[in-house]
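Each chain, letter by letter, is given below.
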Amino acid sequence: MHMEKPLYITTTLPYVNAEPHVGFAMEIIRADVIARYHESCGRDVFFNTGTDEHGQKLLADAEKAGVPVKEYVDRFAEKFRELAPLLGISDTVHFIRTTDTHHEFAAQEMWRKCDAAGYIYKKNYEAKYCVGCELEKTDSELDENGRCPIHPNKDLEIINEENYFFAFSKAASLLEKLYAEKPSLVVPDFRFNEMKAFLSRGLQDFSISRLKSKMPWGVAVPGDDAHVMYVWFDALTNYISTLGWPQSIEASHEGDTEDLYEKFWVNGEKVQYCGKDNTRQQSMMWQAMLLAAGLPTTDTVVIDGFINSGGQKMSKSLGNVIRPAEVIALFKDASQFPEDVLRFVLLHDIPSFEDGDMTLDSVSRSYMTYLANGIGNLTSRIMKMATSYGVTISEAVPVYMPEVAVQFANYDLTLGMKEIQSRVSTIDEKIAVYQPFKTIKEDEAKAKLQVEELLIDLRQVAYTLSPFLPRTAKEILLLIRENKMPEKPLFGRLS
RNA sequence: CGCGGGGUGGAGAAGUGGUAUCUCGCAAGGCUCAUAACCUUGAGAUCGUCGGUUCGAAUCCGGCCCCCGCAACCA
């Protein structure tokens, strides 16, 4: 097997002003599955996630809560850090916070590079401001009379302040070239087409700073004490600051001379996962920043859809928000692997690239059909025969189901999951055809061969399942190796 | 003409030119290895609508009618 390039894979960084959302859970789980898969194939993998912690909203929220802002974000960052083990994310995941000192330094270095290349300039920023809401309003946020819909009796103030801008328009030709050079930069195709269409309509420069006097919660703009960076400019830099860029800080205090940035960002394959709301930021703005700074661009931005519930967008006001912990809690009595249940429904029931739907009801149904009656029951029936008839199989190099391996290349994990599911179904049918429990009475040797074949099938299913449902897969492989029945059902019935 | 997604048996979905598939539910049968599970068979869809292209369209093209995102908590 030839040595493949090291793989860098990252999620976006969730903004820490709310409880972890199931949409983010899906994003990090999908990235985790990819990371685990490539790791098991022998590749060096750097898997990144973290938290985005600057900006107006957090400052306001902290003030409202009467807590110093740093303390406030520390609290939330901890909740997100705890999310990873809860979701069964690989413990090799790196966690970057945009309030980390070395990240802030990196964001400033990114600014300097873009500035030195002539991509940053200062100009007047004009915005409409509603004193009722105490917020800037864009035209699209105003009603048909050009007034704030919440405070239609108050006149809008026009505010005028000097901001730094990123010369997005100047990067247009570089982006065009990039899009031509990397035909699978954005997956799926239709998202890439959206970006190409957006690019062809012309780019507007965007503001990348805020007046510190009004909004101090941000990274200082190098050389200008009056401004802090707008949260996007700072946050996007995390994808390389996590690797120690611009200096390999991680290397220096571990006495390890390996330069992670060089290894993964310069010489590796770079993959980013994000939700569809982030398409433009990841596949245009961030790429433009990298191009401006003269740094290598991302190789693939994989974009997944949103999760609705009961046909509607999840919202607090509708009360249909599903939190990841809630789903896990629902199965903690029925199964030893409740986090694998969440992983399963997100990976199997939600399409890889389009919007999906999920309710506590649909989750339970899916659990019963595919986990309890599917893989769980199949494991019990095969292991029962294997243990009663004393059939074992010798250790062998496990191989992924080829039809699933193909889907990793396409980032279509949902289809991969369905391939595994259909294989489970095929094995159930095979048992009905072979009827080893009958054969054993007439021809013991033949029955044992049949069960051996079933064990080999089960082992391949379990091995293929391991990036998706790591704990479940590990348990099944262990049962096969030790020739044991599950002590209790892998996925028990819901009471 | 702002951008995008979608309308397929009772419910939820798959399916981008060639006999309409899966899950749930329903009906009948089988099996007993298994978590009252599993297997087989059946009933049930004029694939939103009108028109066009084609030997042939859910699938391609055009018109129309609905639903949902993109703007607030929120990915």
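The rules behind the values
- Residues numbered from 1 in each chain as written.
- Chains lettered and ligands numbered in written order.
- Predicted model: local features only at pLDDT ≥ 70, side-chain atom pairs only at ≥ 80, totals over all residues.
- Heavy atoms only, no water.
- Domains from an automatic or database assignment.
- Contact = heavy atoms within 4.5 Å.
- Buried area = accessible area lost by both parts, 1.4 Å probe.
- Salt bridge = Lys/Arg side-chain N within 4 Å of Asp/Glu carboxyl O.
- Polar contact = N/O pair within 3.5 Å; in protein donor to acceptor, adjacent residues only side chain to side chain.
- Helix = DSSP H or I, 4+ residues; strand = E, 2+ residues; numbered from the N terminus.
- Buried < 20%, exposed > 50% of the residue type's maximum accessible area, 1.4 Å probe, protein only.
- Right-handed = clockwise from strand over helix to strand, strands pointing away.
- Pairing = 2+ DSSP bridges.
- Lys, Arg positive; Asp, Glu negative; His and termini not counted.

> Run through the domain arrangement of chain A, naming residues and quoting values.
Under the domain assignment, chain A is made up of domain 1 (7-304) and domain 2 (359-482). The C-alpha centroid of domain 2 is placed 42 Å from the C-alpha centroid of domain 1. Taken residue by residue, the interface counts 14 residues in domain 1 and 12 residues in domain 2. Roughly 1100 Å² of surface becomes buried between domain 1 and domain 2 when both sides are summed, with 68% attributable to carbon and sulfur atoms. If you look at where domain 1 meets domain 2, you find zero salt bridges. Summed over the shared surface of domain 1 and domain 2, the result is two residue pairs in polar contact (both at pLDDT 80 or more). Secondary structure elements with two or more residues in the side of domain 1 that touches domain 2: helix H1 (22-40), strand E12 (269-275) and strand E13 (300-304). Top contributing element to the side of domain 1 that touches domain 2 by residue count: H1, with six residues.

> Residue-level account of the pairing of strand E2 (residues 45-51), with values.
With seven of seven residues buried, E2 lies mostly within the body of the structure. Side-chain alternation along E2 places Val45, Phe47, Thr49 and Thr51 on one buried face and Phe46, Asn48 and Gly50 on a second face that is also buried. The handedness of the strand E1 (residues 7-10) to E2 crossover, carried by H1, is right-handed. Bridge analysis of E2 against strand E3 (residues 94-97) gives four bridges, and the strand direction is parallel. By the bridge assignment for E3, Thr49 is matched with Phe95.

> Account for the side chain of Arg459, with residues named and values stated.
Among the secondary structure elements, Arg459 is positioned in helix H18 (residues 444-465). Buried charged residue Arg459 carries no salt bridge. Nearest counter-charge: Glu395, at 5.7 Å.

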